[in-house]
Amino acid sequence: MDDVRFPERGLAADQVLAELEERRAQDADWRGGRVPLFVFKGSESATSIGQAAFDAYFNENALGAARAFPSVGQLEREVVAMALDLFGAAGQGAGYMTTGGSESIVLAVRAARDHARQARGRADWRGNLVVADTAHPAFDKAGALMDLEVRRVRVGDDLRADPAAMEDRLDDDTFMLVASAPCFPYGVIDPVAELGELARRRALWLHVDACVGGYLAPFVRRLGRPVPAFDFSVPGVHSLSADLHKFGFCPKPASTVLYRDTSLAAHQPFAFDVWPSGPFTTATLVGTRPAGAVAGAWAVLRHLGADGYMGIADRLMRGVDECRRGIGAIDGLRVLGHPELSILAVAADGLDVFSVAARMKARGWVPGLLRRPPALHRMMSMLHVESLADWLRDLDEAVAAERREPGGGGRETARY
Ligand SMILES: *Cc1c(COP(=O)(O)O)cnc(C)c1O
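About the thresholds
Residues numbered from 1 in each chain as written. Predicted model: local features only at pLDDT ≥ 70, side-chain atom pairs only at ≥ 80, totals over all residues. Heavy atoms only, no water. Helix = DSSP H or I, 4+ residues; strand = E, 2+ residues; numbered from the N terminus. Rg over C-alpha atoms; globule rule 2.2 N^0.38 Å. Buried < 20%, exposed > 50% of the residue type's maximum accessible area, 1.4 Å probe, protein only. Contact = heavy atoms within 4.5 Å. Areas by Shrake-Rupley, 256 points an atom, 1.4 Å probe, with all protein chains shown as cover. Near = heavy atom within 4 Å. Polar contact = N/O pair within 3.5 Å; in protein donor to acceptor, adjacent residues only side chain to side chain. Nonpolar A, V, L, I, M, F, W, Y, C, P; charged D, E, K, R; others polar. Arc of directions from axis to C-beta. Pairing = 2+ DSSP bridges. Right-handed = clockwise from strand over helix to strand, strands pointing away. Axes fitted to C-alpha atoms, helices over the stretch in contact; angles between N-to-C directions. Phe/Tyr/Trp six-rings, centres within 6.5 Å; stacked < 30°, edge-to-face > 60°. Lys NZ or Arg CZ within 6 Å of the ring centre and 35° of its normal.

Colleague: In this structure, what is going on with the overall build of the chain? I would like to understand it.
Modeller: Assigned secondary structure in the chain consists of 13 helices and 13 strands. For 416 residues, the compact-globule estimate of 2.2 N^0.38 gives 22 Å, and the chain sits close to it at 22 Å. Considering only C-alpha atoms, the chain reaches an extent of 70 × 65 × 45 Å along its principal axes. Each of the 416 residues in the chain was classed as buried or not, and the buried ones make up 53%. Across the chain, contacts joining residues at least 24 apart in sequence account for 73% of those joining residues at least 6 apart. Per element, the accessible surface of the chain, about 19,700 Å² overall, is 52% carbon and sulfur.

As C-alpha cells, this is what we get:
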C-alpha cells in the first residue's frame, strides 16, 4: 500500500481541492472521448441537470425515504413507473431503483431463487442458472454470493445466445435463464422471444439483462432501426435490469430492476425483525443509498422525455453508422456480428489487434479489447461521436504502422 498515514492536521478546503485537480491530471481524457467504457454522455443539458439534481439531494439518504424523505420515495416510485411504462409493464409490473447493474442482477437472481424455493416448498434449495457465455459476470457474482451454479453456454455463429444449446444444459435444478439485450462483448441482442418460449415451456424464470442497452434500445427502435422486442412485451420475461447510469445518461449510481408483476417483485425486499431496533426492511442490497442518484435520475428522465432520448438516439446512431463506414474503409477491419445499438467489436484480419491497441494507447486512447475472438471494443455514447474523426484517423495510422512493423509498438491485453 501507499505509505500514507491518517493526517494529524487538517488542510484548508481550497488546498485539498487544488490537490485533487492536480491528481486527476493523470487520468485519461474521458471528456475527449478517449475512454471506450465507464463514462456516458447524452447531451450537455442531461449531464448538467443530473448533476444539479444530485447536488440538490446531496445529503439526503434514500434509505430514509419512508420515514424522513417522502419526496425521495415519491421520486423513486415515479422513476420506476416511467421505466415500467418504457419496458411494457405499466400498470401490472413493479420494480426498484438500485445502485447499478450488478446490484440489479444479484437482486433479480435472488428473487428468482426464492420464487423457485417457494414453488418447491424448500427453504434451503439451491439450483442453477443457464446463461450464454456473453452474459455479464454479475450473474457469477450472484452465484458466488448465493452458492448457485452458473452454467455458461457458447453462443451461436451469430454471436447471440443459442436457445437450443442452452436447453441442452438445463436439468431439474435449473430455475433461471438469462438473455442479454444487448450483451457487452459483441453488442448484439439475444433472441429474447425464443428464450421466452423456452422459459415458458420449461417453467423457468427468464431475466433480460438490458443493463447496457435498456434505455437506448426502445428509442433506436422507434427511429425505425431494427431492434427486436426484448422487454415485457415478450411472453416469458419475468424480470429485466436496465441501468440509468449508462444509456439513461443519469448520474451514477443508478439502475432499475423490474418485474412482470407484484408477486414476483415481492421476492426482492429483505425483511428482518430480530434485533433491538425493530423491523428493518430494504429492497436493495445496500442500506444507505445516495438520494442524489434518485433525484438525478428523475430529473434527467423528466428533462429528456421520449423526444429527448429519440434525438440523442438519432445523433448517436448516425455517429455509429459513420464509425462503421470509417472502420470498413480501413483495410482488414470488420465489425463482428450485427450489433443493433452502439457497441462495436472490430476484428482485424491479418493483424494482431492487441498490437494495434498498443499503438492506439500510445496515441492517447484507452484501448477496449475482446479476446474471444480478438477484437477492438468500443461502447459509443456522444463522447465518442464528438471525437470520432480523431479516433478513425489514429486507427488508420495505427493499422498502417502495424502493417509496416508488426508488434513494433508493443502489445496490450484484453480486460474489462
Ligand atoms: C454494465 C453492465 C452490467 C453491470 O452494471 P454495473 O452498473 O457496472 O454494475 C450488467 N450487464 C451488462 C450487459 C452490462 O454492460
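Alright, that's what it looks like, and here's the rest.
Colleague: Before we go on, may I ask you to explain the site of the ligand in this structure?
Modeller: Among the 14 residues in the neighbourhood of the ligand, the closest are listed as Gly-101, Ser-102, Asp-209, His-245 and Lys-246. Within the side chain of Ser-102, one N or O atom sits 2.6 Å away from an oxygen atom of the ligand. Measuring from a nitrogen atom of the ligand, one finds a side-chain N or O atom of Asp-209 at 2.6 Å. Contact with the protein chains removes 88% of the 380 Å² of surface that the ligand exposes when unbound. Counting residues per element, the shell around the ligand draws most heavily on helix 4 (residues 101-120), which supplies 3 residues. The residue makeup of the shell around the ligand, split by class, is 6 nonpolar, 5 polar and 3 charged.

Colleague: Teacher, can you tell me more about the side chain of Thr-256 here?
Modeller: If you trace the backbone, Thr-256 turns up in strand 7 (residues 255-259). In this structure the side chain of Thr-256 is engaged in a polar contact, spanning 2.9 Å, whose partner is the side chain of Tyr-215. For Thr-256, the side chain forms a polar contact with the main-chain oxygen of Ala-242, separated by 2.8 Å. The residues touching Thr-256, leaving out its near neighbours within four places in the chain, are Val-79, Ala-83, Tyr-96, Met-97, Ser-104, Tyr-215, Leu-240, Ser-241, Ala-242 and Leu-244.

Colleague: Sorry, what's going on with helix 5 (residues 138-146) here?
Modeller: In an α-helix there are 3.6 residues to a turn, and that puts residues three or four apart on one side. Those residues of helix 5 that sit buried are Ala-138, Phe-139, Ala-142, Gly-143 and Met-146. Seen from one end, helix 5 has its buried residues packed into an arc of 150°, which puts them on one side. On the buried face of helix 5, the contacting elements are helix 4, strand 2 (128-132), strand 3 (149-153), strand 4 (174-180) and strand 5 (205-209).

Colleague: Please explain the pairing of strand 2 as it appears in this structure.
Modeller: In summary, the side chains of a regular strand alternate between the two faces of the sheet. Summarising burial for strand 2: 5 of the 5 residues are buried, a large majority. Pairing geometry for strand 2 and strand 3, over 5 bridges, is parallel. Each bridged residue has a counterpart across the sheet, and for Leu-129 the counterpart in strand 3 is Val-150. At this point the chain moves from strand 2, through helix 5, to the parallel strand 3, and the crossover so formed is right-handed.

Colleague: What should I look at first to understand the sheet that holds strand 10 (residues 333-335) in this one?
Modeller: Backbone-to-backbone hydrogen bonds join strands into a sheet, with any given pair of strands oriented parallel or antiparallel. Strand order in the open sheet made by the 4 strands is 10-11-13-12, with antiparallel pairing throughout. Looking at strand neighbours, the two that pair on one side only are strand 10 and strand 12 (369-371), the edges of this open sheet. Here the strands of the sheet are splayed against their neighbours by 30° on average, with no regard to which way each runs.

Colleague: Is there a simple way to think about the packing of aromatic side chains in this case?
Modeller: Aromatic ring pairs: the centre-centre distance and the angle between the two ring planes describe each pair. All chains considered together, the criterion is met by 11 aromatic pairs. Seen in terms of ring centroids, Phe-219 and Tyr-309 are 5.1 Å apart; in terms of plane orientation they differ by 15°. Their pairing is stacked. Placement of Phe-219 in helix 8 (residues 217-222) and of Tyr-309 in helix 10 (residues 291-328) is noted, with a sequence separation of 90 residues between them. The two residues Phe-219 and Tyr-309 agree in class, both being buried. Taking the centre distance of 6.3 Å and the plane angle of 20° together, the rings of Phe-249 and Tyr-309 count as stacked. Taken together, the positions of Phe-249 in the loop between strand 6 (237-242) and strand 7 and Tyr-309 in helix 10 put the pair 60 residues apart, joining distant regions of the chain. For Phe-249, a relative accessible area of 7% corresponds to the buried category. Each residue in the set Phe-40, Phe-219, Phe-247, Phe-249 and Tyr-309 is aromatic and connected to the rest through ring pairs, giving one cluster. Above the ring of Trp-365, the side-chain terminus of Arg-34 is found at 4.0 Å from the ring centroid. The ring of Trp-125 has Arg-120 lying over it, and the distance from NZ or CZ to the ring centre is 3.9 Å.

Colleague: Which parts of the structure should I look at to understand the environment of Thr-99?
Modeller: One can find Thr-99 in the loop between strand 1 (94-98) and helix 4. As a C-alpha pair, Thr-99 and Gly-319 span 220 residues in sequence and 29 Å in three-dimensional space. Setting aside residues no more than four positions away along its own chain, Thr-99 makes contact with His-245, Pro-253, Ala-254, Ser-255, Val-286 and Arg-289. Polar side-chain contacts of Thr-99 include one of 2.5 Å to the side chain of Glu-103.

Colleague: Got a minute to help me understand the environment of Arg-160 in this structure?
Modeller: Looking at the secondary structure, you find Arg-160 in the loop between strand 3 and helix 6 (163-168). By relative accessible area, which is 15% here, Arg-160 ends up buried. With 94 residues separating them along the chain, Arg-160 and Ala-66 place their C-alpha atoms 42 Å apart.

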